[in-house]
Structure formats: structure tokens, C-alpha cells
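# Remarks on the overall topology
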Amino acid sequence: MEISLLLSSVADWNAWRKANPNEQVDLIRADLSEADLSGANLSGAYISGAYLIGAYLIGADLSGADLSGANLIGAIF
């Protein structure tokens, strides 16, 4: 559910995050390649081992996110 919401609408994703501030976000090993995640609230998310190849992360909040082992080749920040 989390990944499909994030990929379909960053605005809806951010609204869900605001309504569920204590929900742990598990995007471990998710394929987010070339996704437009500009402005997404990814703070505190578990994103380790994820594929963010060519993803757009301009203005995304990655504070406290675990990006260990994530593939960020060509990601745009």
C-alpha cells in the first residue's frame, strides 16, 4: 500500500504521512527507479537497499531516513 500511494501521488502520500506520523515507513529494497518523489516526506523511512536509480528527489525530506545500501545512481537531489 505504501509504495503504490507514494508512486501515484506525492501530495496524497504527504497527507497520509501527516495523518499517520507514528507509522513506520518500510521501503526496504523497493524499486523507485525514475520515480518523481519531489517534495515527498520520506523522513525516518527505511529505504535501505532500495533502487532510486534516476529518481527525482528535489525537495524531498530525507531527514533520519535509512538509505544504507540504496542505489542512488543518477538520482537528482
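Quick note: structure is the one above.
These figures come from a predicted structure and were not determined experimentally.

The subject of this paragraph is the overall build of the protein. Looking only at helices and strands, one finds two helices and zero strands in the protein. Against the compact-globule benchmark of 11 Å for 77 residues, the protein has a radius of gyration of 11 Å, which places it among compact chains. In the protein, buried positions account for 36% of the 77 residues. Counting only carbon and sulfur atoms, one obtains 51% of the accessible surface of the protein, whose full area is about 4300 Å².

Within the largest apolar cluster, 23 residues are counted, with the highest numbers of intra-cluster contacts made by Leu6, Trp13, Leu27, Leu32, Leu37, Leu42 and Ile47. Elements represented by at least two residues in this core include exactly helix 1 (2-8) and helix 2 (10-19). In terms of residues, this core owes the most to one element, helix 2, which gives three residues.

Now for a nonpolar patch on the surface. There is a patch of nonpolar side chains on the surface, built from Tyr51, Ile53 and Ile73 and spanning about 290 Å² of accessible area. Tracing the backbone shows Tyr51 in the segment after helix 2. Classification of Tyr51 as partly exposed rests on a relative accessible area of 40%.

Positionally, Arg17 belongs in helix 2. An unpaired buried charge is present at Arg17: no salt bridge exists, and Asp61, the closest side chain of opposite charge, is 7.6 Å distant. Non-local contacts of Arg17, meaning those with residues more than four positions away in its chain, are made with Val25, Asn41, Leu42 and Ser43.

Counting through the fold element by element, Ser43 comes out in the segment after helix 2. Here the side chain of Ser43 touches Asn41 through a polar contact of 2.7 Å, side chain to side chain. Residues contacting Ser43, with those up to four places away along its chain left out, are Arg17, Asp61, Leu62 and Ser63.

Rules of the game
Residues numbered from 1 in each chain as written. Predicted model: local features only at pLDDT ≥ 70, side-chain atom pairs only at ≥ 80, totals over all residues. Heavy atoms only, no water. Helix = DSSP H or I, 4+ residues; strand = E, 2+ residues; numbered from the N terminus. Rg over C-alpha atoms; globule rule 2.2 N^0.38 Å. Buried < 20%, exposed > 50% of the residue type's maximum accessible area, 1.4 Å probe, protein only. Areas by Shrake-Rupley, 256 points an atom, 1.4 Å probe, with all protein chains shown as cover. Core = buried A, V, L, I, M, F, W, Y, C linked by side-chain atoms within 4.5 Å. Patch = residues over 30% accessible without salt bridge, like charges linked within 9 Å, V, L, I, M, F, W, Y side chains within 5 Å. Salt bridge = Lys/Arg side-chain N within 4 Å of Asp/Glu carboxyl O. Lys, Arg positive; Asp, Glu negative; His and termini not counted. Contact = heavy atoms within 4.5 Å. Polar contact = N/O pair within 3.5 Å; in protein donor to acceptor, adjacent residues only side chain to side chain.

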